Amino acid sequence: MDVEFADTSGSLLSPKNSILDLAMFSGRPRRDFEDNLALKHLDGCSRILDVGCGNGRFMKMVGSERIVGIEQNPESVAEVEAAGFEVLQGDALELEKLNRRFDAIHCSHILEHLYPEQVHAFLKSMDAVLDPGGIFVVRGPLLSDYFFDDLSHIRPYTPHVFKRYLTADGGGQKSHEGLGPFDVVDLYNARLPLVYVRHARGKVLWTAKRFFDTLSVRTPLRRIKADQFVMVFRKQE
């Protein structure tokens, strides 16, 4: 699980964008890279569910013909619907109640807000509505110096957790039933840049932050410790 499969050479980003271009014009280079990695694996999927879609940011990258969202916040539901997307107000732990099936499920920065029992309930629910051969993309933070700065964060869940409960070779005694099985398709551990500016104020400092963030996704110039991840599974047929 310490092997990274993702192509971090930059090919997932537009070839016309140099490191300097991205640093100058992309507000969130690390998030942009992770978005493009997720989109790469969702290419060809036509019935995608975005779990905890929020304001529909990721859905807008996919297009309304291929993706629907599920969200608990009624204001977010109204906002996404107003943008022309289908979004369902419901509980991510009870996806079966949607009475629909999907060929891909995207879940970004949601599970760290749940307790372990709830995470397993979500994985079980996800497994129930995902077609055989379907893609599951999970994204989230890892333990870092600032993880608990967000009081809604309960605990980080590492890629090892998902491999353990979703794959046939997860290994070891499990506290909950295994699911799937799934195969690991890709794993990207997002590491902080060597120079990390968390709160940038002023144009010069903000430009420097974007530059070093871009270096961290386009070159090996990044720290050893990862602070978030993108993991992709395919459900066995």
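Residues numbered from 1 in each chain as written. Predicted model: local features only at pLDDT ≥ 70, side-chain atom pairs only at ≥ 80, totals over all residues. Heavy atoms only, no water.

(A) Structural detail: the nonpolar core. In this structure, Phe 122, Phe 136 and Phe 162 are the most contacted members of the largest nonpolar core, which totals 32 residues. Mapped by element, the contributors of at least two residues to this core are strand S1 (48-51), strand S2 (67-71), strand S4 (102-108), helix H5 (116-129), strand S5 (130-141), helix H6 (159-166), strand S6 (182-193) and strand S7 (222-235). When residues in this core are grouped by element, the largest group, 5 residues, is from H5. If we skip the residues at most four places from it in the chain, Phe 162 touches Leu 111, Val 119, Leu 123, Val 138, Tyr 157, Thr 167, Phe 229, Met 231 and Phe 233. The next biggest cluster of nonpolar side chains, apart from the first, holds 22 residues, and it includes Ile 67, Val 77, Ala 104 and Ile 135. (Core = buried A, V, L, I, M, F, W, Y, C linked by side-chain atoms within 4.5 Å. Buried < 20%, exposed > 50% of the residue type's maximum accessible area, 1.4 Å probe, protein only. Helix = DSSP H or I, 4+ residues; strand = E, 2+ residues; numbered from the N terminus. Contact = heavy atoms within 4.5 Å.)

(B) Just the environment of Met 126, in detail. Within the element layout of this structure, Met 126 appears in helix H5. Measuring from C-alpha to C-alpha, the distance between Met 126 and Val 51 comes to 9.7 Å, with 75 residues separating the pair along the chain. In this structure, Met 126 is in contact with Leu 95, Ile 105, Phe 136, Leu 166 and Phe 182, ignoring residues within four places of it in sequence.

(C) Highlighting the pattern of salt bridges. Counted according to the given criterion, the structure contains 8 salt bridges. With its nearest N and O atoms 2.6 Å apart, the salt bridge here joins Glu 86 to Arg 100. On the criterion of sequence distance, the pair formed by Glu 86 in the loop between helix H4 (74-82) and strand S3 (87-89) and Arg 100 in the loop between S3 and S4 is long-range, its members being 14 residues apart. For Arg 101, the salt bridge goes to Asp 131, with nearest N and O atoms at 2.8 Å. Highlighted residues: Arg 101 in the loop between S3 and S4 and Asp 131 in strand S5, separated in sequence by 30 residues. Residue classification places Asp 131 among the buried residues on the basis of a relative accessible area of 14%. Each of Asp 35, Arg 57 and Arg 139 takes part in salt bridges that share partners, so that together they form one network. (Salt bridge = Lys/Arg side-chain N within 4 Å of Asp/Glu carboxyl O.)

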